[in-house]
Structures are given as structure tokens and as C-alpha cells.
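Residue-level structural notes
What follows is the residue order along each chain.
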Amino acid sequence: KYTPQNGSIKISLTTQGGILIFNIQNSGTSVSRQMMDWFNNSLDQNLLSNRPANTGLGLVIVKKILQLHQFKYELVSAGDSGNIFIIYIPIRKP
């Protein structure tokens with residue numbers, strides 16, 4: 001939806017201080033400020049009814065999964081270069 005037909009999606013994984021950092025960046029249109037604020041609000045428990053217009057069910061499901069696992073996450077605009085979803089996953093040792 002936000003990545004044009006000839007656009008790109010870049011995925012990267014890094015670690016920093018016991019945290020796995022999962023980045024997903026697309027090229028294309030940035031999401032609206034309203035959607036960014038909604039996604040970045042980790043206290044919102046009523047995800048379906050509080051989601052912005054045109055927010056697909058997929059993003060609601062992803063956000064709920066991240067909350068259930070208590071992962072930190074954020075959505076940032078890359079300006080004219082698209083959006084970056086960042087997920088912080090604690091590395092747990094067995």
C-alpha cells in the first residue's frame with residue numbers, strides 16, 4: 001500500500017547491548033502523522049476502535065503481537081524515502 005510498484009523494502013538486523021534491532025524500511029509514501037502517533041502509542045489497548053481511517057487490520061495485528069510480547073517498537077518517517085518500522089527484541093539466554 002505504501003511501497004510503489006518499483007519501490008523497495010529493506011530489512012536489517014543488528015544487535016546492541018543485548019537487544020536485537022529489527023528494521024523494516026520501505027520506499028514510497030510516508031504514513032500520516034495520525035497513523036504514526038497511533039502506532040507509537042504503546043498504551044493504547046483498544047486497537048481496533050482507536051485506529052486511524054485506512055489503517056489495515058494487518059497493522060493492528062502486528063501491533064497487538066508486539067504488545068503481547070512486550071517488545072518496544074516505533075514507526076518513524078524517512079521523509080521522501082518512506083517509513084521505518086523498528087522493533088527492539090531482548091536477547092534472552094537459555
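The shown structure was predicted, so the numbers you read here are calculated from the model rather than taken from an experiment.

Cut-offs used in this document
Residues numbered from 1 in each chain as written. Predicted model: local features only at pLDDT ≥ 70, side-chain atom pairs only at ≥ 80, totals over all residues. Heavy atoms only, no water. Helix = DSSP H or I, 4+ residues; strand = E, 2+ residues; numbered from the N terminus. Buried < 20%, exposed > 50% of the residue type's maximum accessible area, 1.4 Å probe, protein only. Contact = heavy atoms within 4.5 Å. Areas by Shrake-Rupley, 256 points an atom, 1.4 Å probe, with all protein chains shown as cover. Lys, Arg positive; Asp, Glu negative; His and termini not counted. Charge placed at Lys NZ, Arg CZ, Asp CG, Glu CD. Expected span 1.5 Å × (residues − 1). Arc of directions from axis to C-beta. Phe/Tyr/Trp six-rings, centres within 6.5 Å; stacked < 30°, edge-to-face > 60°. Lys NZ or Arg CZ within 6 Å of the ring centre and 35° of its normal.

Right, let's talk about the overall build of the protein chain for a bit. Looking only at helices and strands, the protein chain has 3 helices and 4 strands in total. Scanning the protein chain from its N terminus toward the C terminus, one meets helices and strands in the order β-β-α-α-α-β-β. By residue count, 28% of the 94 residues in the protein chain fall in the buried class. For the protein chain, the share of sequence-separated contacts (at least 6 apart) that also reach a separation of at least 24 residues comes to 49%. Split by element, the accessible area of the protein chain, about 6400 Å² in all, is 55% carbon and sulfur. Taking the average location of the 9 positive side-chain charges in the protein chain and that of its 4 negative ones, the two points are 10 Å from each other.

Okay, helix α3 (residues 57-68) next. Between its first and last C-alpha atoms α3 spans 17 Å; for 12 residues at 1.5 Å apiece the expected length is 16 Å, and the two agree. Taken together, the buried positions of α3 are occupied by Leu59, Val60, Lys63, Leu66 and Gln67. Each buried residue of α3 sits inside an arc of 130 degrees when the element is viewed along its axis, so together they form one side. Positive phi appears at glutamine 70, one or two residues downstream of α3, with a value of about 60 degrees.

The next thing to look at is the packing of aromatic side chains. Taken as a whole, this structure holds 3 aromatic pairs when the rule is applied. Taken together, a centroid distance of 6.3 Å and an interplanar angle of 55 degrees make the contact between tryptophan 38 and phenylalanine 39 tilted. Exposure remark for tryptophan 38: the relative accessible area of 6% places this residue in the buried category. Among the residues examined, phenylalanine 39 registers a relative accessible area of 2% and is labelled buried. Ring centres of phenylalanine 39 and tyrosine 73 lie 5.2 Å apart, and the angle between their planes is 65 degrees; this geometry places the pair in the edge-to-face category. Placement of phenylalanine 39 in helix α1 (residues 33-40) and of tyrosine 73 in strand β3 (residues 72-77) is noted, with a sequence separation of 34 residues between them. Among the aromatic residues, those joined into a ring-pair cluster are Trp38, Phe39, Tyr73 and Phe85. The lysine or arginine in question, lysine 63, covers the ring of tryptophan 38, its NZ or CZ lying 4.4 Å from the ring centre.

Shape is all these values report; function is a separate question.
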